[in-house]
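Read off the chains here:
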Amino acid sequence: QVQLVESGGGLVQPGGSLRLSCTASGNIDSINAMGWYRQAPGNQRELVAEITSGGSTNYADSVKGRFTFSRDSAKNTVYLQMNSLKPEDTAVYYCNAARLLLDPYYREDYWGKGTLVTVSS
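All of the points below concern the structure found in this document. Since this is a predicted model, take the numbers as computed values, not measurements.

1. Here we look at the overall build of the chain
Turning to step 1, where the next piece is worked out: A count of helices and strands for the chain gives 0 helices and 11 strands.
Turning to step 2, where the next piece is worked out: Taken from the N to the C terminus, the helices and strands of the chain come in the order β-β-β-β-β-β-β-β-β-β-β.
Turning to step 3, where the next piece is worked out: Seen along its three principal axes, the alpha-carbon backbone of the chain occupies a region of about 45 × 25 × 25 Å.
Turning to step 4, where the next piece is worked out: Out of the 121 residues in the chain, the part that is buried amounts to 38%.
Turning to step 5, where the next piece is worked out: Contacts spanning at least 24 positions in sequence make up 54% of the contacts within the chain whose residues lie at least 6 apart.
Turning to step 6, where the next piece is worked out: Accessible surface, the chain as shown: approximately 6,700 Å² in total, 46% of it carbon and sulfur.

2. Digging into the sheet that holds strand β3 (residues 18–26)
Turning to step 1, where the next piece is worked out: As summarised here, the arrangement of the 4 strands in space is β1-β3-β8-β7, forming an open sheet in which the pairing is antiparallel. Every other strand in the sheet has two partners, leaving β1 (2–7) and β7 (67–72) as the edge strands with one partner each. Each adjacent strand pair in this sheet contributes to an overall mean axis angle of 15°, direction not counted.
Turning to step 2, where the next piece is worked out: The pairing of β1 with β3 spans 6 bridges and is classified as antiparallel. Residue pairing across strands places L4 opposite A24, the latter belonging to β3.

3. Description of the state of the cysteines
Turning to step 1, where the next piece is worked out: Applying the stated criterion across every chain yields a total of 1 disulfide.
Turning to step 2, where the next piece is worked out: Between C22 and C95 runs a disulfide, and the two sulfur atoms are separated by 1.9 Å. Between C22 and C95, the S-S torsion sits near -85°, and that sign places the bridge as left-handed. Note that C22 is positioned in strand β3 and C95 in strand β9 (residues 91–102), a separation of 73 residues in sequence. Taken individually, C22 and C95 each receive the classification buried, so the pair is uniform in this respect.

4. Regarding the pairing of β7
Turning to step 1, where the next piece is worked out: One ladder, built from 6 bridges, connects β7 with strand β8 (residues 77–82); its direction is antiparallel. Of the residues in β8, the one forming a bridge with F69 is L80.
Turning to step 2, where the next piece is worked out: The loop that links β7 with its antiparallel partner β8 comprises 4 residues; one of these, N76, has a positive phi angle of about 50°.

5. Remarks on the nonpolar core
Turning to step 1, where the next piece is worked out: Judged by nonpolar contacts, the single largest core of 27 residues is most densely connected at M34, W36, L80, M82 and Y93.
Turning to step 2, where the next piece is worked out: Put simply, the parts of the chain that give this core at least two residues each are β1, β3, β4 (33–39), β5 (46–52), β7, β8, β9 and β11 (115–119).
Turning to step 3, where the next piece is worked out: When sequence neighbours within four positions are dropped, the list of residues in contact with M34 reads L4, C22, A24, E50, I51, F69, V78, C95, N96 and A97.

6. A few points about the side chain of S21
Turning to step 1, where the next piece is worked out: Inspection of the secondary structure assignment puts S21 in strand β3.
Turning to step 2, where the next piece is worked out: The class of S21 is buried, set by a relative accessible area of 17%.
Turning to step 3, where the next piece is worked out: One polar contact links S21 to S7, side chain to side chain, over a distance of 2.7 Å.

Conventions used here
Residues numbered from 1 in each chain as written. Predicted model: local features only at pLDDT ≥ 70, side-chain atom pairs only at ≥ 80, totals over all residues. Heavy atoms only, no water. Helix = DSSP H or I, 4+ residues; strand = E, 2+ residues; numbered from the N terminus. Buried < 20%, exposed > 50% of the residue type's maximum accessible area, 1.4 Å probe, protein only. Contact = heavy atoms within 4.5 Å. Areas by Shrake-Rupley, 256 points an atom, 1.4 Å probe, with all protein chains shown as cover. Pairing = 2+ DSSP bridges. Axes fitted to C-alpha atoms, helices over the stretch in contact; angles between N-to-C directions. Disulfide = S-S within 2.5 Å. Core = buried A, V, L, I, M, F, W, Y, C linked by side-chain atoms within 4.5 Å. Polar contact = N/O pair within 3.5 Å; in protein donor to acceptor, adjacent residues only side chain to side chain.

In short, the description is geometric, and any link to function would need to be established separately.
Put into structure tokens, the structure is as follows:
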């Protein structure tokens, strides 16, 4: 089993910044990908950013240039630095960890409980 603990959410004004963090624990040896997803009320959960053990990264078009995904492998922790926040960024943000195989393709996902980010004047 894998446990994920998130922190850093809260209320921020448009144009402000927040940094989310997520630390993985438990049976983490099999984990080779981590990332961030978000879900606004009534919407589907969407990928924000992710990174694999090989260093490949992927950002949603809506956050490119504003959000930065990073990791501290020694601490089993990933971060999401969010700058120039907009009201449409308001959502519950979820940490994700996955065991990803490429040959054949397969993934098994673990999720944190989520942290709420509210961007409002």
